[in-house]
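# Working through the structure, step by step
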Number of protein chains: 2
Amino acid sequence: MAVVGVIGGGQLARMMIPAAVALGIELRVLAEAPDASARLAATVVGDYRDVPTVLDFAQGCDAITFDHEHVPQEVLRALTAAGAAVRPGADALLYAQDKLAMRERLAGLGVPQPDWARVDTADDLAGFLADHGGRAVVKTPRGGYDGKGVRVVDDAHAADDWLAAGPVLVEELVRFERELAQLIARRPSGEAVPWPLVETVQRGGVCAEVIAPAPHSTDAVERAAAEIATTVAHGLGVTGVLAVELFQSTDGRVLVNELAMRPHNSGHVTIEGSTTSQFEQHLRAVLDWPLGSTEPRAPWGVMINVFGSLPDDRIAAALGHQPSAKVHAYGKGPRAGRKAGHVTAIGVDLDDVVYRARAAASHFDD
Amino acid sequence: MAVVGVIGGGQLARMMIPAAVALGIELRVLAEAPDASARLAATVVGDYRDVPTVLDFAQGCDAITFDHEHVPQEVLRALTAAGAAVRPGADALLYAQDKLAMRERLAGLGVPQPDWARVDTADDLAGFLADHGGRAVVKTPRGGYDGKGVRVVDDAHAADDWLAAGPVLVEELVRFERELAQLIARRPSGEAVPWPLVETVQRGGVCAEVIAPAPHSTDAVERAAAEIATTVAHGLGVTGVLAVELFQSTDGRVLVNELAMRPHNSGHVTIEGSTTSQFEQHLRAVLDWPLGSTEPRAPWGVMINVFGSLPDDRIAAALGHQPSAKVHAYGKGPRAGRKAGHVTAIGVDLDDVVYRARAAASHFDD
């Protein structure tokens, strides 16, 4: 029986459990805390930054993969040195950990992205602002997520606090029509299979809703997105699921916003909507097993994130209201603003699918 | 967070895990052994016939349900007396445990079934044989499954060994065109939702293949099957999934063969093929949550059982050969003839779906 070890016990590790159960894979999770979302599969509770803890956890695993990108490079390299199959590997993961490294590497691969620069001083930032209409986006190279570590600025001193700690990334403020995500899975032996392009709707810097496939996409946009994801997956040697967050700019360009090297919020709709979910595909990919079909199960799928909490009585109310909607609860204690679950609907008519997903999700509104 | 306790750690309990993970239900399993199929969710390893063990296990569970029908009535009644929500309840489960009681009760409900009789002696059996062309089926009232405890006989003394232990059930040998299964779920508050009728193909008394929906069914057959299942579910007060195994006789009758009150092999195709799988529906039903839509996800689904074992290299080969097939491994050690997993394909063309399912399953042939 194949054994996959997952570092991190969040909802992404949790949603790997059903896929592992189906395929007869033993999933082991290194969880941050006993009450982690993926606690059912937790075999160790410990600190993913501690080399001995992680090495010990990895014993007997056929592959090691991740719920998040925060495992330090030194830990990744110690794992590899100890003979673990780390997927994605340290060299690839670097580009999901460090946005400056990512921009430099994608530039080298010729992948379209927003104008960007590394800035070390307020003067550097002033120069970039002057060249880009006086506004730009500043990002900390590391540690940002869900809108954290990101600022839209029009003042060269608006990032002084971050600059005190080191260089930051500045990017043109892309005027975009919408945001897209292109998911692809790649296995070590090289096979790579994309899913259909999806549209992601953000609110307050956080993904609120995903529509699959992205409505009204031209062939050119779909081709551009798939080509970017394929180039990045092979170019960076990604193994497992790669999510490429994209801008579709008002002037028709498709530009890379962010990378994630793990199952991704924009792919939750694949649980019901795809022949092979991102969680199953990720496990197959990290084990170097053949990848599955990503043919849609229905013409349309809509996924809506739920924040805060999903009390049982509201789950029951949502299911009663929308018998075809699927509710996913992440088993987390209530906390305002935190992703606590999601709702998915699939079907043949987009308006109907959106209606059903929103109607079910509305039961979790505060 | 709702807590469901499952008595028995076989593949049915195992396949409840993904549904529980999705809905944020805490699943607890009373397993027979540490290496049980559902070991991931096992919280107790113990004897389901032992009242204190089971009462202890049930503490804190919102509902108690089952992987199999073998829990003794005295244990079920002790659970109920202790205040546990036992679903299905002891009164209903009796009819899945005792085939003589089942025949008597279904006769009382006016449900169509084969001619049958209780026989206490070889003379009784001789009389039944004389009235039914000299051949009949003899069944032990309790403990039979997958062809065990069932004999086709033409000799009045062919059941002497069983008769020495008590009465047996004798049934006419139904000349059937095919076997069918009608699944339905019912919740305590009364809501009952059927799935589409399926055809089951048996080999050696064991289910080999399931086709959903049952091909070429007339409206009359589909209505008869749904009416039988609905009558039995309400009449016996079943909670959770009820599987009614049926004969479609050569003379056009739909007759009850067997009952099971739990998720059933004939319903595994619902994991991919239905908007709500039998495992999700069972959990919703036993918690008295609203039931889900059983609309098919595709026009056709085919499930093929795998016996013996599913080694990793063969799983990978099957997935490589058929990228749209879904493989389910039950995490059991190899044992000849034992159900070890299953393969499912769904799609729009039945011939193609059968081909893909069989092509994937062929990798597990000896």
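The model shown is predicted, which means the values in this text are computed figures rather than measured ones. (Residues numbered from 1 in each chain as written. Chains lettered and ligands numbered in written order. Predicted model: local features only at pLDDT ≥ 70, side-chain atom pairs only at ≥ 80, totals over all residues. Heavy atoms only, no water.)

Here the focus is the pattern of salt bridges. Residues and elements named next belong to chain A. Tallying each qualifying case throughout the model produces 42 salt bridges over all chains. Asp91 is the partner of Arg77 in a salt bridge, and the nearest nitrogen-oxygen pair spans 3.0 Å. A residue pair is termed long-range when its members are at least 10 positions apart, and Arg77 in helix H3 (residues 73-81) and Asp91 in helix H4 (residues 90-97) qualify at 14 residues. The class for Arg77 is partly exposed, based on a relative accessible area of 39%. The exposure class of Asp91 is exposed, given its relative accessible area of 52%. (Salt bridge = Lys/Arg side-chain N within 4 Å of Asp/Glu carboxyl O. Helix = DSSP H or I, 4+ residues; strand = E, 2+ residues; numbered from the N terminus. Buried < 20%, exposed > 50% of the residue type's maximum accessible area, 1.4 Å probe, protein only.)

Glancing now at the relation of the copies chain A and chain B. Take chain A, turn it by 180 degrees, move it 0.0 Å along the axis, and it overlays chain B with an RMSD of 0.0 Å. Seen this way, the second copy is the image of the first under a two-fold rotation axis. Considering only C-alpha atoms, the residue of chain A closest to the rotation axis is A:Pro18, which sits at 2.2 Å. (Least-squares fit on C-alpha atoms with pLDDT ≥ 70 in both.)

A few words on the pairing of strand E13 (residues 240-249) of chain B. All names here are of chain B. Burial analysis of E13 places nine of its ten residues in the buried class, the great majority of the element. For strand E9 (residues 176-186) and E13, the ladder comprises ten bridges, and the chain directions are antiparallel. Paired with Ile184 across the strands is Leu242, a residue of E13. Bridge count between E13 and strand E14 (residues 254-260): six bridges; the pairing is antiparallel. Counted as the bridge partner of Leu246 is Val256 from E14. The hairpin turn running from E13 into E14, its antiparallel successor, is four residues long, and Gly252 in that turn takes a positive phi close to 90 degrees. (Pairing = 2+ DSSP bridges.)

Residue and element names in this part refer to chain A. Split into domains, chain A comes out as domain 1 (3-86), domain 2 (115-172) and domain 3 (176-364). One C-alpha centre belongs to domain 1, the other to domain 3; they are set 23 Å apart. Taken together, the contact between domain 1 and domain 3 spans 22 residues of the former and 21 residues of the latter. Here domain 1 and domain 3 share an interface that buries about 1,700 Å² over both sides, 69% of which is from carbon and sulfur atoms. A per-residue breakdown of the area domain 1 buries against domain 3 is headed by Gln11, Leu12 and Met15, which together make up 31% of the total. Summed over the shared surface of domain 1 and domain 3, the result is one salt bridge. The partner of Arg262 in a salt bridge is Glu69, with the nearest N and O atoms 3.1 Å apart. One can count eight residue pairs in polar contact (both at pLDDT 80 or more) joining domain 1 with domain 3. Elements with a contribution of two residues or more to the side of domain 1 that touches domain 3: strand E1 (3-7), helix H1 (11-23) and strand E4 (63-66). Looking at the side of domain 1 that touches domain 3 element by element, the count peaks at eight residues for H1. Looking at side-chain class alone, the side of domain 1 that touches domain 3 contains twelve nonpolar, four polar and six charged residues. (Domains from an automatic or database assignment. Contact = heavy atoms within 4.5 Å. Buried area = accessible area lost by both parts, 1.4 Å probe. Polar contact = N/O pair within 3.5 Å; in protein donor to acceptor, adjacent residues only side chain to side chain. Nonpolar A, V, L, I, M, F, W, Y, C, P; charged D, E, K, R; others polar.)

For the rest of this paragraph, the subject is the interface of chain A and chain B. With 37 residues of chain A at the interface, the matching set in chain B holds 37 residues. When chain A packs against chain B, the two sides together hide about 3,100 Å² of surface, and 62% of this comes from carbon and sulfur. If you sort the residues of chain A by the area they bury against chain B, A:Val21, A:Leu40 and A:Arg297 come out on top, with a joint share of 18%. Viewed at the interface, chain B and chain A are joined by two salt bridges. In this structure, A:Glu280 engages B:Lys326 in a salt bridge whose closest nitrogen and oxygen atoms are separated by 3.1 Å. In this structure, the connection of chain A to chain B is made through 14 residue pairs in polar contact (both at pLDDT 80 or more). For the side of chain A that touches chain B, the element with the most residues is H1(A), which contributes seven residues.

Here the focus is the pairing of strand E12 (residues 206-212) of chain B. Residue and element names in this part refer to chain B. A large share of E12 lies buried, amounting to seven of its seven residues. In the sheet, strand E11 (residues 198-203) pairs with E12 via five bridges, with the strands oriented antiparallel. If you follow Thr200 over to E12, its bridge partner there is Val210. Between E11 and E12, which pair antiparallel one after the other, the connecting turn spans two residues, and Gly204 there sits at a positive phi close to 60 degrees. As paired elements, E12 and strand E15 (residues 300-307) share four bridges and run antiparallel to each other. Paired with Val210 across the strands is Met303, a residue of E15.

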